[in-house]
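# Observations on chain architecture
Read off the chains here:
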Protein chains: 2
Amino acid sequence: MVMTMSSAPVHGENVPLDGVPAGLIDDTLAAAKTASRALGQATTAVKDAALAAIADALVANAPRIIEANAADLSRGRENGLSDGLIDRLRLDETRVAALASAVRDVIALPDPVGTVVRGSTLPNGVQLSQVRVPFGVVGAIYEARPNVTVDIAALALKSGNAAVLRGGSAARSSNEVLVSVIQQALVAVGLPEAAVQTIDEHGRAGATALMRARGYVDVLIPRGSADLIQTVVRESTVPVIETGAGVVHIVLDASADEQMAVDIVHNAKVQRPSVCNAVETVLVHRDAAERLVPSVVQALRASGVLVRGDERARAVVADLEVASDDDFATEHMALELSIGIVDDLDAALAHIRRFSTQHTESIITRDMANAERFLAEVDSAVVMVNASTRFSDGGEFGFGAEVGISTQKMHARGPMGLPELTSTKWIVRGSGQVRG
Amino acid sequence: MVMTMSSAPVHGENVPLDGVPAGLIDDTLAAAKTASRALGQATTAVKDAALAAIADALVANAPRIIEANAADLSRGRENGLSDGLIDRLRLDETRVAALASAVRDVIALPDPVGTVVRGSTLPNGVQLSQVRVPFGVVGAIYEARPNVTVDIAALALKSGNAAVLRGGSAARSSNEVLVSVIQQALVAVGLPEAAVQTIDEHGRAGATALMRARGYVDVLIPRGSADLIQTVVRESTVPVIETGAGVVHIVLDASADEQMAVDIVHNAKVQRPSVCNAVETVLVHRDAAERLVPSVVQALRASGVLVRGDERARAVVADLEVASDDDFATEHMALELSIGIVDDLDAALAHIRRFSTQHTESIITRDMANAERFLAEVDSAVVMVNASTRFSDGGEFGFGAEVGISTQKMHARGPMGLPELTSTKWIVRGSGQVRG
C-alpha cells in the first residue's frame, strides 16, 4: 500500500479518506489513475474496437450475466424489494441484447478527445489551441440498475476516461459479472483491465471512499433518486456533475391556445411519466383558468392521471384532490400532476423560483413578450416556449447518448453529450519566444 | 429571518450552515440572490455605466479609501505583518488610480451574457439555442489585497453576477470603504446595492458560512496562497473554481538549443518571480546536462537566482545548493529554482506527474516526436513547446482580464476570461410540438 500511495502526486491533495478503512480502495483508485493515462492516449479506433468487443462479449456471456442477475433478483425478493425495483434490476436475453446495442450506438458517436475548441496565433508567433482531453478518472455512484454499469463504462471509455463504478448493493452479482465481461473485452484489444472497475464489494464504505478520492477521481457522477444525488452532492469532496431530479413546470399563460395547452400538458405527463423531464406542475393564469383547466384535467384523467389542485384550481374543477406544498415540491415520476392558479406571470415565476429543481420549464402562450420574459427570467437548465418538456433530452437534442441531464451550473448544464465528459487543455507551440 | 429563509427555493438545498451562527449572513445571501436576478437581466449598457461610475467613484473617493487603508496598515504593523504583506495591502493615490483604470478596462471587454454557444433546428421545427447566462451569485474568498475586492466586483458585474466578498481581515477597513463606494455607484445607475457585498465583518465564521451556502452562492472563487485555496477546495460544499498554485516545470530535452534553453528558463524565472506561471523546476536530459546546466545556472545566478540541484545536477555544477523533494514540491514564488537531471523523457514525465500542480509545463526540444509526446501526455492546464511558461496568462492569451488561472478540470481549465464566469442555459422555441 505504501508503494501505491507513494506513486500518487504530491499535489494531488491526498486527503485521508475520513471514516474509510485505510487502504480500502487505494489500489483500485491508483490502478484507475494509471489506466486513465493509457486511455487518454488511446486512438478512436482502439476505443471503438473495445466497445465492439464489449458488445460482443455481453451477448456471448448473456447466460452468465442472466444467472448472476437471477441471484440478485432472488436476494431482492427475499429482501422485499418492490415490483418496480425488481423490474429495474431484471436482466433477460432481450435486455442484455439491448445493453450490447447501446454500447454499439456509442461507437457511432464522434470521439470528443482532441477536438479543437478554439485557437489563435499571437502577434509574436506563439500558437495557441484549446483541445478536449479526457477528465482522467470518472466515478459513478448509482442504484440497482445494472444497465447503468454498461452505459457509464461505454461513455467513459469513448471519452477516454477510466471508470470506477459503485452500483447498488442489490445489483452486486450482476455488476460483478458485467464488469468482468467488460474487462475481458478491454484486455482483448490491449487496453488495461483497470479502465473499468467496480467497488461494489466494499459497500457503503466504498462509496464514501469514492466521494473523498480527490487527486484520484476527477469527476463523480451520481445517477438515481433525488436522495442519492443530494447525498453525493453534499458529501463528495470530488467535483460532482449533478444530474437531477425534475420538478418540471408548464405555465399556461392567459393567451395560451387551448388545444396546444391540452396536447403539451398531456404529452409532458403521459408519454413517459417516470422520467425527469415529465411535467409535475401546471400553473394557469387566472384569466385562462375557466377556459383551460377543465379540458386539461379531462385529457389527463382520460389517461389515468391523478390530478391535484390548489384551492383556486379546485374552485374550477371541484373534485380535484388537494395539492399541498409537498406535492408542488415533489417529483412524482408517476401519473400524478398538480395544478395551481396564479394571478399573473410574476406569480408563476415566483412559484417556479420556490419549487423548481431548475431542470426544465415551459410556457404555453401567444404573447411573445411574456414568452421572452419567461425564457430570460426562469433560471433553469432548459427553458421552453410552446413545446413539450419531454424534448429536454440528449437524444432529442441530437447528442446521441444519454450521459444525463445536468441541473448544476458549472461545467455542463442541461442534456449532456460525450463532450461534457471531457475537460480541455491549452497547447502552446513556440519557437523560443519569451515574455517581454 | 424566517421570512428570508422562506423565500429561498425549496429545492435549493438549504443545508443548515454547520458550525455557523444561525442567520449570520442569511440576509446578505438572500439579498445577493435577489440582486443577481436584476443583474442577470441588466443590459450591457447599464453594466458598463455601472463600471464607469465605479471607476469615477474610486478616484473621487481616493482620500477616504486611503484613510481607511491607513488604519489597516497601522493595525497590520502592530500585528507584525511582513513588509511584503504590508506592501500588498497598501493603497496610495497611484494605486487607487490603477484600480479605477482596471475597472475601465473591463468596460472594453465583450459582455459574455447572451452569447449563443451553439444552436440548431430539429426536424420537427423546434429551435434550440444554448446561450451564456450569469452564474447568479459569485462568492470570493481572498487575502489582504484590496485590489482583489475591486477586480472581482468588476468582473462579476460585467458577467451579470452578484458578488459576495470575503477579503482578509487585515484589509477590512479598506474593503469596507471600497465596497461602500462601489455600492453607491451601483445605486446611482439603478442597480441594486446588494449586487456587491462584503462579509468581512463576520470574520472566519462568515467565510465558513460562504463555503456552505449551497442554494445561495453558485460558485466560489478562492484567490491567494496555496493554503487558502486548498482550504476552500476541501471545506466548501459550494462548487469552487480552483485558481491555483504553480509548481511549474521546464524540461530541457537532449536536443534543446542552448541559447533557447537559457533564454526561456531565465525569462520564466526572472521576468516576474512572484507569480504562478514562473518556473520552479528545470528537468534536464542527462545527455544534455554537461552542455546546458552550466550556462543555465550562470544566467540565473547573474540575475540573483538561488539555484538548487539534485545529486546529479550537483555533479555537473558542484556548488549548487541541495534540492530536496520539498524543494521540488514547493512554489517558491521567489528567485529560487531547482534543477534535476533525468534519464529520459519518461523520467521527466514521471517527475512532473509526482510534483506538478498541473498548472503549466514547457519542453525545450528540437525533437518533434518528443514535443508531441510531452504535449499529449503532460496532464496540465497549459502545456508548451519552446516557449516561456510566463505566456500562461489570460492577458497574453488575449482574454483582457485576469479572472485567474484554473488548475481544475471541471468547467474551466487554464487562463480564464469573462465567459468562464458564466453558465449556459438551453432555450427551446416551439409552436406546439409534442414528443412522439
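Residues numbered from 1 in each chain as written. Chains lettered and ligands numbered in written order. Predicted model: local features only at pLDDT ≥ 70, side-chain atom pairs only at ≥ 80, totals over all residues. Heavy atoms only, no water.

## Overview of helix 6 (residues 93–108) of chain B
Taking 1.5 Å per residue as the helical rise, helix 6 of chain B with its 16 residues ought to reach 22 Å, and the 24 Å between its terminal C-alpha atoms agrees with that figure. Its buried side turned inward, helix 6 of chain B meets helix 3 (44–60), helix 4 (62–78), helix 7 (146–158) and helix 8 (172–188) of chain B. (Helix = DSSP H or I, 4+ residues; strand = E, 2+ residues; numbered from the N terminus. Expected span 1.5 Å × (residues − 1). Contact = heavy atoms within 4.5 Å.)

## Details of the sheet that holds strand 4 (residues 162–166) of chain A
Residues and elements named next belong to chain A. A sheet is described by the order of its strands in space; here four strands give the open sequence 5-4-3-6, paired in parallel fashion. Taken across any chain shown, the strands that pair with only one partner, and hence form the sheet edges, are strand 5 (196–198) and strand 6 (219–223). This sheet shows a mean twist of 20 degrees between the axes of neighbouring strands, independent of strand direction. Bridging between strand 3 (residues 137–142) and strand 6 involves five bridges; their strand directions are parallel. Its bridge partner lying in strand 6, Ala140 is registered against Ile221. (Pairing = 2+ DSSP bridges. Axes fitted to C-alpha atoms, helices over the stretch in contact; angles between N-to-C directions.)

## Focus on the sheet that holds strand 13 (residues 382–387) of chain A
Pairing is mixed in the open sheet, where 10 strands are placed in the order 10(A)-9(A)-11(A)-8(A)-7(A)-12(A)-13(A)-16(B)-2(B)-1(B). Two strands close off the open sheet at either side, each with one partner strand: strand 10 (321–322) of chain A together with strand 1 (116–121) of chain B. Here strand 1 of chain B pairs with strand 2 (residues 127–134) of chain B via five bridges, running antiparallel. Within the sheet, the bridge partner assigned to Gly119 of chain B lies in strand 2 of chain B and is Ser129 of chain B.

## Some details on unusual backbone geometry
Residues and elements named next belong to chain B. Backbone geometry at Met333 places phi at a positive 50 degrees, although glycine is not the residue there. Overall, Met333 belongs to the partly exposed group, its relative accessible area being 33%. Non-glycine residue Asn386 carries a positive phi angle of around 55 degrees. Relative to the elements of secondary structure, Asn386 occurs in strand 13 (residues 382–387). (Buried < 20%, exposed > 50% of the residue type's maximum accessible area, 1.4 Å probe, protein only.)

## Here's the deal with the side chain of Lys47 of chain A
Residue and element names in this part refer to chain A. Tracing the sequence through the fold places Lys47 in helix 3 (residues 44–60). On the basis of relative accessibility, which here comes to 1%, the residue Lys47 falls in the buried class. Within the local environment of Lys47, its side chain forms a polar contact with the backbone oxygen of Lys158, the two atoms lying 3.2 Å apart. Setting aside anything within four residues of it in sequence, one finds Lys47 in contact with Leu39, Ala42, Asp111, Val113, Leu157, Lys158, Ser159 and Gly160. (Polar contact = N/O pair within 3.5 Å; in protein donor to acceptor, adjacent residues only side chain to side chain.)

## As for the relation of the copies chain A and chain B
For the pair chain A and chain B, the best superposition has an RMSD of 0.1 Å and corresponds to a rotation of 180 degrees with a translation of 0.0 Å parallel to the axis. Interpreted geometrically, this transformation is the action of a two-fold axis. Closest approach to the rotation axis among the C-alpha atoms of chain A is made by His411 of chain A, whose C-alpha sits 1.8 Å away. A share of 100% of interface residues in chain A that are also interface residues in chain B marks the association as one of identical surfaces. (Least-squares fit on C-alpha atoms with pLDDT ≥ 70 in both.)

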